[in-house]
Amino acid sequence: MKKLNASEVSNIVGGRVLNCVISYERQTSGSGTSAVTVCRRVSTCQGKFGEFLTREPADLANCGA
């Protein structure tokens, strides 16, 4: 039986990330004076088992505010 190193194991067992694209999205909820605008950082990554998204809060300046 052959011993595998860490990178060989991650290629077989784990999901290796092949490509990621980072973008920002602005969301506004409510209307008038009660409107709230938030910015989210969206990471779209292509991995071994398909595409997956990660959304996390970001500074409003990143969304062009």
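Each value, and the rule that gives it
Residues numbered from 1 in each chain as written. Predicted model: local features only at pLDDT ≥ 70, side-chain atom pairs only at ≥ 80, totals over all residues. Heavy atoms only, no water. Disulfide = S-S within 2.5 Å. Helix = DSSP H or I, 4+ residues; strand = E, 2+ residues; numbered from the N terminus. Buried < 20%, exposed > 50% of the residue type's maximum accessible area, 1.4 Å probe, protein only. Contact = heavy atoms within 4.5 Å. Pairing = 2+ DSSP bridges.

Asks: What's the story with the state of the cysteines in this structure? I'm lost.
Replies: Throughout the structure, instances matching the rule amount to 2 disulfides. The disulfide partner of cysteine 20 is cysteine 45, and the S-S distance across this bridge is 2.1 Å. Sign of the S-S torsion, about 110 degrees for the bond between cysteine 20 and cysteine 45, identifies this disulfide as right-handed. You can see cysteine 20 sitting in strand β1 (residues 17-29) and its partner cysteine 45 sitting in strand β2 (residues 36-47), a full 25 residues away along the chain. On the basis of relative accessibility, which here comes to 38%, the residue cysteine 20 falls in the partly exposed class. Given the relative accessible area of 7%, cysteine 45 is considered buried. Across the disulfide from cysteine 39 sits cysteine 63; the S-S distance is 1.9 Å. Judged by the torsion about the S-S bond (80 degrees), the cysteine 39/cysteine 63 disulfide is right-handed. Remark: cysteine 63 occurs in the segment after β3 (50-58) and cysteine 39 occurs in strand β2; sequence separation between them is 24 residues.

Asks: What's the story with the environment of serine 29 in this structure? I'm lost.
Replies: Here serine 29 is to be found in strand β1. Its relative accessible area of 46% is what places serine 29 among the partly exposed residues. What serine 29 contacts, discounting residues up to four positions off in sequence, is Ser34, Ala35 and Val36.

Asks: In this structure, what is going on with the environment of valine 42? I would like to understand it.
Replies: For valine 42, the location among the structural elements is in strand β2. Look at valine 42 and you get buried, because its relative accessible area is 6%. Taking C-alpha positions, valine 42 is 8.2 Å from valine 21, a pair spaced 21 residues apart along the chain.

Asks: Mind showing me how you'd approach the pairing of β3 here?
Replies: Within a regular beta strand, the side chains point alternately toward one face of the sheet and then the other, so they alternate between its two faces. Across 9 bridges, β2 lies against β3 in antiparallel orientation. Bridged to valine 42 within β3 is arginine 55.

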